[in-house]
Amino acid sequence: MHTRSPVSSLRAGRGGEFRNTDGYLTIGLHYPGVPDQERFQLVQNSDPDEFDPLAEILTTMEMVADHLLPRSIADEIHSETSGGIVYRMRRSLKHGDALKFLENLKAYNELVRESRKNTTFRKRIAGMTTIPFALVEHILQQSYARTVALEVEGLKDYQAFSSEVYGELLPKFTTKIFKEANLTSDKVFMDLGSGTGNVVLHAALECGCESWGCEKMDKPALLAERQRKEFIARCRMWGINHGAVHLQHDTFLENRSIAETLKRADVLLVNNFAFEPDLNQKLLDMFLDLKEGTQIFSLKPFVPANHVITTRNAENPVNRLRMVEREYFSREVSWTDSGGKYYVHTVDSSMLREFMEKEMREKKRRAQSAS
């Protein structure tokens, strides 16, 4: 049984930045993109894996300093050499000094308010060519913690060894996929079997692309929609734009929007680690609508080992796929701490075309020899 209690080291302190709500202290934190504060109720959970508001507050401050402010201002908040506001707040927590904690929180909020008003944040963000991965991961974790994490136990209600087994690809893995695919803001990304929408949101944030997901199971799809709304609000708080996000609660085999978007997709993700063979075959049939050059990332190969094009299998959809095997490493997926294989398929009809041209030349040669 998990319990919650007030943060003991801050019980004694009271001030303008604090509010007392049902026996718990509540503090406000300013963000780069909006004038309103986010309110945090300061609680300690008995389970160390539960949400830790103080840890998130301090990490958020570090992210703002490290990625969204010029060094001259950032060092006032977080500096490896001279300390700064975050360092003093950590010391305040260690020594139970609530007034010092509050004093430094107030100083941080004033710096953020001023940097927002004088457009420092806006100019800094506008000059970014990419969003640093650490910041991307933090924003995604904030969205996840306020939605999916609250009901994560419900995601375990599935039929074992079926195509509905739930597992997550973690940001450390998916950012590698995006880089390998050269996924940029002018491209279309699609996740078939998108679960709670984690990778769809990740692609939209890190790459700024149009990002689609489709999930059949009710519980993950419900949490995906909640997470989508939280993600949009959170990006606004940070003052960071993202690509368009589209989530479909349906089977991807029958959804019309998915079928139409598939025709212009540039990068496709299919976590088919637990998919049954007939579902993988139906996916192959869907891939016939993909344009040349589309890349498909999967956890199981669609092209059989040692596959060779022959006259007997020339109509097989796998003949349009050029496949390479890659490796993922520890802590990149949710279901194991070990590494594993993933597969990159590129739609490339040249292999089949070359085979057919070769067959035509051979037929012509045989006909000439017979005459």
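Here the structure is a predicted model, which is why all the values come from computation and not from measurement.

Calculation notes
Residues numbered from 1 in each chain as written. Predicted model: local features only at pLDDT ≥ 70, side-chain atom pairs only at ≥ 80, totals over all residues. Heavy atoms only, no water. Helix = DSSP H or I, 4+ residues; strand = E, 2+ residues; numbered from the N terminus. Buried < 20%, exposed > 50% of the residue type's maximum accessible area, 1.4 Å probe, protein only. Axes fitted to C-alpha atoms, helices over the stretch in contact; angles between N-to-C directions. Left-handed = near helix turned anticlockwise from the far one by under 90°. Contact = heavy atoms within 4.5 Å. Nonpolar A, V, L, I, M, F, W, Y, C, P; charged D, E, K, R; others polar. Pairing = 2+ DSSP bridges. Salt bridge = Lys/Arg side-chain N within 4 Å of Asp/Glu carboxyl O. Core = buried A, V, L, I, M, F, W, Y, C linked by side-chain atoms within 4.5 Å. Right-handed = clockwise from strand over helix to strand, strands pointing away. Phe/Tyr/Trp six-rings, centres within 6.5 Å; stacked < 30°, edge-to-face > 60°. Lys NZ or Arg CZ within 6 Å of the ring centre and 35° of its normal.

**As for the environment of A149**
Within the secondary structure, A149 sits in the loop between helix 6 (133-145) and helix 7 (171-181). Classification of A149 by relative accessible area gives partly exposed; the value is 35%. Distance in space between the C-alpha atoms of A149 and E50 is 8.6 Å, their sequence separation being 99 residues.

**Some points on the packing of helix 1 (residues 53-68) against helix 4 (residues 98-117)**
Remark: helix 1 packs on helix 4, axes separated minimally by 12 Å, with the N-to-C direction vectors making an angle of 35°. Regarding helix 1 and helix 4, the two cross each other, and that crossing is left-handed. Listed contacts from helix 4 to L54, T60, M61 and V64 of helix 1 are F101, L105 and Y108. Per-class residue counts for the contact of helix 1 with helix 4 are six nonpolar, one polar and no charged.

**Some words on the sheet that holds strand 8 (residues 267-270)**
Strand order across the open sheet formed by seven strands is 7-6-5-8-9-11-10, with mixed pairing between neighbours. A single partner strand is all that each edge strand has here, and the edge strands are strand 7 (245-249) and strand 10 (321-328). The mean inter-strand angle of the sheet, taken between neighbouring strand axes irrespective of direction, is 15°. Pairing analysis gives five bridges linking strand 6 (residues 210-215) to strand 7, with the strands arranged parallel. Across the sheet, C214 pairs through a bridge with Q248, a residue of strand 7.

**Re the pattern of salt bridges**
Working definition: two side chains of opposite charge can pair if their charged atoms are close together. Across all of its chains, the model carries 19 salt bridges by this definition. Where R264 meets E210, a salt bridge forms, and the shortest distance between an N and an O atom there is 2.7 Å. You can see R264 sitting in the loop between helix 10 (256-262) and strand 8 and its partner E210 sitting in strand 6, a full 54 residues away along the chain. Given a relative accessible area of 38%, R264 falls into the partly exposed group. With a closest N to O distance of 2.8 Å, R322 and D348 form a salt bridge. Of this pair, R322 sits in strand 10 while D348 sits in the loop between strand 11 (340-347) and helix 12 (350-370); the two residues are 26 residues apart in sequence, bridging distant segments of the chain. Among the charged side chains, a network of salt bridges with common partners joins E38, E56, R146, E230 and R234.

**Comments concerning the environment of I27**
Take I27: it is sitting in strand 3 (residues 24-30). Put simply, I27 and L105 are 78 residues apart on the chain and 8.9 Å apart in space, counted from C-alpha to C-alpha.

**Some remarks on the nonpolar core**
Across soluble globular proteins, nonpolar side chains have a tendency to be buried as a group. M61, I77, L205 and W238 are the most contacted members of the largest nonpolar core, which totals 45 residues. Ranked by size, the runner-up nonpolar core spans 23 residues in total, among them M190, V270, F275 and L321.

**Observations regarding the pairing of strand 5 (residues 188-192)**
Of all five residues that make up strand 5, five are buried, and the element is covered over most of its length. The two faces of strand 5 match: V188, M190 and L192 on one face and F189 and D191 on the other face are all buried. Where strand 5 and strand 6 come together, five bridges link them in parallel fashion. If you follow V188 over to strand 6, its bridge partner there is E210. Once the chain exits strand 5 it traverses helix 8 (residues 198-206) before rejoining the sheet at strand 6, and the crossover so formed is right-handed. Sheet topology places strand 5 next to strand 8; four bridges connect them, and they run parallel. Directly across from F189, in strand 8, lies its bridge partner V267.

**Here's the deal with the packing of aromatic side chains**
Throughout the structure, instances matching the rule amount to eight aromatic pairs. Ring centres of F287 and F302 lie 5.1 Å apart, and the angle between their planes is 80°; this geometry places the pair in the edge-to-face category. Residue F287 is found in the loop between helix 11 (277-286) and strand 9 (295-298), and its partner F302 is found in the loop between strand 9 and strand 10; the two are separated by 15 residues along the sequence. The class of F302 is buried, set by a relative accessible area of 6%. One aromatic cluster is present, formed by F173, F297, Y328 and Y342 through successive ring pairs. For K300, the ring lying beneath its charged end belongs to F273, and the centroid distance is 5.1 Å.

So yeah, pure geometry; function would need other evidence.
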